[in-house]
Amino acid sequence: MMLFDKPVICLITRGGLVQKNFQIQKDMLISNVRAAVSEGVTLVQIREKSLASSQLFELARHVVDVVADKPVSVLVNDRWDIALASGAHGVHLRSDSMPARTVRAQVPDGFIIGVSVHSLAEREKFEGADFAMFGPVFSTPGKGQPAGLPALEEICAAVRPFPVIAVGGIGFENFKAVLAAGAAGFAAIRALDGSQRIESPHC
């Protein structure tokens with residue numbers, strides 16, 4: 001599957017699952033993923049940092065099953081070992097994770113690697129990665145000062161054709177602006193998790 005043959009729409013899970021609520025909340029998360037995929041999401045990033053390894057593996061397996069036979073890729077946040085074991089399509093590495101080039105040497109061909117960056121100065125992290133997620137572009141709770149559209153446009157132009165996905169405060173009112181700035185797609189949590197829906201740019 002060609003991940004970047006059209007604008008990427010990435011659902012990032014909220015990160016609210018913990019060991020105690022896992023069995024109760026897991027089905028709700030999977031239901032949200034299923035609904036988002038049916039409405040055009042092409043990439044799912046499982047970002048549940050508080051789960052035990054066994055629970056994260058179980059969740060990833062379920063999400064992989066949900067997208068089976070659909071043009072959708074599943075990434076596990078940071079844990080490339082669990083991504084491989086669960087049949088997920090790749091991993092998304094945090095800004096403080098091991099280098100993408102190190103992970104690349106350990107995974108099979110076709111395994112997707114994304115990296116988080118916050119400025120053009122971090123472009124050395126792109127080595128070994130398939131795409132970068134840049135942000136926060138707009139204001140979003142707990143993420144500090146937004147970079148803004150000019151910074152997004154600058155990094156997209158500087159590294160083109162390397163794909164950059166925009167993240168941070170993206171919703172109905174501004175997703176078209178990030179695509180116009182040169183982003184290969186966008187990622188969101190609240191705007192794609194069932195509480196609201198962004199009209200697919202694929203239409």
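Residues numbered from 1 in each chain as written. Predicted model: local features only at pLDDT ≥ 70, side-chain atom pairs only at ≥ 80, totals over all residues. Heavy atoms only, no water.

1. Re the overall build of the protein
Summing up its helical and strand segments, the protein has six helices and eight strands in all. N-terminal to C-terminal, the α/β element order of the protein is β-α-β-α-β-α-β-α-β-β-α-β-α-β. For a compact globule of 203 residues, the expected C-alpha radius of gyration is about 17 Å, and the protein comes in at 16 Å, within 12% of that figure. Projected onto its principal axes, the C-alpha positions of the protein cover 45 × 40 × 35 Å. Out of the 203 residues in the protein, the part that is buried amounts to 49%. Long-range contacts, defined as pairs at least 24 residues apart, comprise 58% of the intrachain contacts of the protein with a sequence gap of at least 6. Per element, the accessible surface of the protein, about 9,600 Å² overall, is 52% carbon and sulfur. (Helix = DSSP H or I, 4+ residues; strand = E, 2+ residues; numbered from the N terminus. Rg over C-alpha atoms; globule rule 2.2 N^0.38 Å. Buried < 20%, exposed > 50% of the residue type's maximum accessible area, 1.4 Å probe, protein only. Contact = heavy atoms within 4.5 Å. Areas by Shrake-Rupley, 256 points an atom, 1.4 Å probe, with all protein chains shown as cover.)

2. Quick word on unusual backbone geometry
Note the cis peptide between Gly135 and Pro136, where omega equals 5°. Examined against the element boundaries, Pro136 turns out to sit in the loop between β6 (131–134) and α5 (149–159). Positive phi, normally seen in glycine, also occurs at Asp69, with a value near 65°. Phi angles above zero are rare outside glycine, and Asp78 is one such case at about 70°. Inspection of the secondary structure puts Asp78 in the loop between β3 (73–77) and α3 (80–86). A relative accessible area of 23% places Asp78 in the partly exposed class.

3. Overview of α5
Along α5, the residues that are buried comprise Leu152, Ile155, Cys156 and Val159. The buried residues of α5 occupy an angular sector of 100° when projected down its axis, which confines them to one face. As for α5, its buried residues are in contact with β5 (112–117), β6, β7 (164–167) and α6 (175–180). (Arc of directions from axis to C-beta.)

4. Some thoughts on the sheet that holds β5
One closed barrel accounts for eight strands, arranged β1-β2-β3-β4-β5-β6-β7-β8; its pairing is parallel. In this sheet, adjacent strand axes meet at a mean angle of 25° when their direction is disregarded. As judged from the three bridges shared by β7 and strand β8 (residues 185–188), these two strands associate in the parallel manner. Considered in β8, the bridge of Ala166 is made with Phe186. (Pairing = 2+ DSSP bridges. Axes fitted to C-alpha atoms, helices over the stretch in contact; angles between N-to-C directions.)

5. Remarks on the environment of Val33
Among the structural elements, Val33 can be located in helix α1 (residues 22–38). Assessed through its relative accessible area of 2%, Val33 is described here as buried. Sequence separation between Val33 and Gly168 is 135 residues; the distance between their C-alpha atoms is 19 Å. Those residues in contact with Val33, other than ones at most four positions away along the chain, are Leu11, Val44, Val63 and Val66.

6. Observations concerning the nonpolar core
Counting 56 residues, the largest nonpolar core has Leu59, Ile113 and Leu152 as its most contacted members. Per-element accounting of this core gives the leading share, seven residues, to helix α2 (residues 53–67). Contact partners of Leu59, with chain neighbours within four places excluded, come to Leu17, Phe22, Lys26, Leu29, Ile30, Ile46, Glu48 and Leu51. If you look at the next biggest cluster of nonpolar residues, it comprises twelve residues, including Leu3, Leu75, Phe131 and Ile165. (Core = buried A, V, L, I, M, F, W, Y, C linked by side-chain atoms within 4.5 Å.)

7. Observations regarding the state of the cysteines
Across all of its chains, the model carries zero disulfides by this definition. The cysteine Cys10 is free of any disulfide, with Cys156 supplying the nearest cysteine sulfur at 15 Å. We classify Cys10 as buried; its relative accessible area is 0%. (Disulfide = S-S within 2.5 Å.)

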